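# Descriptive analysis of the structure
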Amino acid sequence: MTRLPKPQTEEPPAESPRSIGGINIDPVPATDLGKKSVARSLPVHRPPGAIDEFQFLIGCTRCGDCITACPYDAIFKAPDRLGNIASTPIIQADTSACMMCEDFPCIASCKPGVLVESIPPVMGTARVTEHLCLAHHNTTCTVCGERCPVEGAITVADGKPTINEDTCTGCGVCRYVCPAPENAILLMPAFSRPGRPHV
Ligand code: SF4
Ligand code: SF4
């Protein structure tokens, strides 16, 4: 039997240009899996008055004084699994929301000054997920509007709540009290916060 010659497999040039419908498509470079991506930190739900996250992480001594000072047990130590933010104070509104105390004992207790009174006590913002909200499904429910501790942050019109994002501080009370089977409040921590004020 005559052996057929082995077919010659020609490697396509690495950077071969392609054309689809007359449009030249640049080759996509292979992903370099050895390249490390730049670490990005996710927004963290901090207590009121927390300064810029980078400055906060440098200045916070993880003393826990704000946790002890909070009369509503609204501040928790971040667990070890959260890496570089472990042991720093966080708000977990599903467990206990911030009640926006008038005198902010948490801020007053912070000796290193990473919780400060001179910046707005905005922790984030809340949004109503309408398809989960009882009031948007012909059920009478005004719980979030009644319990919100910030005047003007929630208005109820025609039985339906609307969150005013300019006034909302992201305290999380609405999320904490929402009785819907699947929580209708989406709570987002602030993406950025003002830096340490100059004195
Ligand atoms: S404002 Fe009051 S309830 Fe909120 S975190 Fe500070 S001490 Fe706790
Ligand atoms: S009191 Fe200030 S320094 Fe101490 S854990 Fe709270 S935020 Fe950090």
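Quick look at the structure, then. (Residues numbered from 1 in each chain as written. Chains lettered and ligands numbered in written order. Predicted model: local features only at pLDDT ≥ 70, side-chain atom pairs only at ≥ 80, totals over all residues. Heavy atoms only, no water.)

## Some words on the overall build of the chain
Assigned secondary structure in the chain consists of 5 helices and 8 strands. Each helix and strand of the chain, placed in order from N terminus to C terminus, yields the pattern β-β-α-α-β-β-α-β-α-β-β-α-β. For the chain, with 199 residues in total, the buried portion stands at 36%. Counted over contacts in the chain with a minimum sequence separation of 6, partners at least 24 positions apart contribute 67%. When the accessible surface of the chain is summed, it comes to about 13,600 Å², and 55% of that surface belongs to carbon and sulfur atoms. (Helix = DSSP H or I, 4+ residues; strand = E, 2+ residues; numbered from the N terminus. Buried < 20%, exposed > 50% of the residue type's maximum accessible area, 1.4 Å probe, protein only. Contact = heavy atoms within 4.5 Å. Areas by Shrake-Rupley, 256 points an atom, 1.4 Å probe, with all protein chains shown as cover.)

## A look at the site of ligand 2
Lining the immediate surroundings of ligand 2 are 13 residues, of which Cys-60, Cys-63, Gly-64, Cys-66 and Cys-110 lie closest. Considering only residue class, the shell around ligand 2 consists of 9 nonpolar, 2 polar and 2 charged. (Near = heavy atom within 4 Å. Nonpolar A, V, L, I, M, F, W, Y, C, P; charged D, E, K, R; others polar.)

## Observations regarding the nonpolar core
Ranked by internal contacts, the top residues of the largest apolar core, which has 42 residues, are Phe-56, Met-100, Leu-115, Ala-126, Ile-163 and Ile-185. Elements with a minimum of two residues in this core: helix 3 (105-109), strand 5 (124-128), helix 5 (173-177) and strand 8 (185-189). It is helix 5 that provides the largest number of residues to this core, a total of 3 residues. Beyond its immediate sequence surroundings of up to four residues, Ile-185 is in contact with Ala-126, Arg-127, Val-128, Ile-163, Cys-174, Arg-175 and Cys-178. (Core = buried A, V, L, I, M, F, W, Y, C linked by side-chain atoms within 4.5 Å.)

## Focus: the site of ligand 1
Close contacts around ligand 1 come from Pro-48, Cys-70, Pro-71, Tyr-72, Ile-75, Cys-98, Met-99, Met-100, Cys-101, Phe-104, Pro-105 and Cys-106, and that covers them all. Across the shell around ligand 1, the residue classes tally to 12 nonpolar, no polar and no charged.

## Notes on the packing of aromatic side chains
What characterises a pair of aromatic rings is the spacing of the ring centres plus the angle enclosed by the ring planes. According to the stated counting rule, one finds 0 aromatic pairs in the structure shown. Against the face of Phe-56 rests Arg-193, its NZ or CZ located 5.9 Å from the ring centre. (Phe/Tyr/Trp six-rings, centres within 6.5 Å; stacked < 30°, edge-to-face > 60°. Lys NZ or Arg CZ within 6 Å of the ring centre and 35° of its normal.)

## Some details on the pattern of salt bridges
Under the criterion given, the structure shown has 5 salt bridges. With a closest N to O distance of 2.9 Å, Lys-111 and Asp-65 form a salt bridge. With Lys-111 in the loop between helix 3 and strand 5 and Asp-65 in helix 2 (residues 65-69), this pair connects stretches of sequence that are 46 residues apart. Between Arg-175 and Asp-94 there is a salt bridge, with the nearest N and O atoms lying 2.6 Å from each other. Taken together, the residues Arg-175 in helix 5 and Asp-94 in the loop between strand 4 (89-91) and helix 3 connect sequence positions 81 residues apart. Judged by relative accessible area, Asp-94 falls into the exposed class, the value being 53%. The network of salt bridges with common partners includes Arg-46, Glu-53 and Arg-193. (Salt bridge = Lys/Arg side-chain N within 4 Å of Asp/Glu carboxyl O.)

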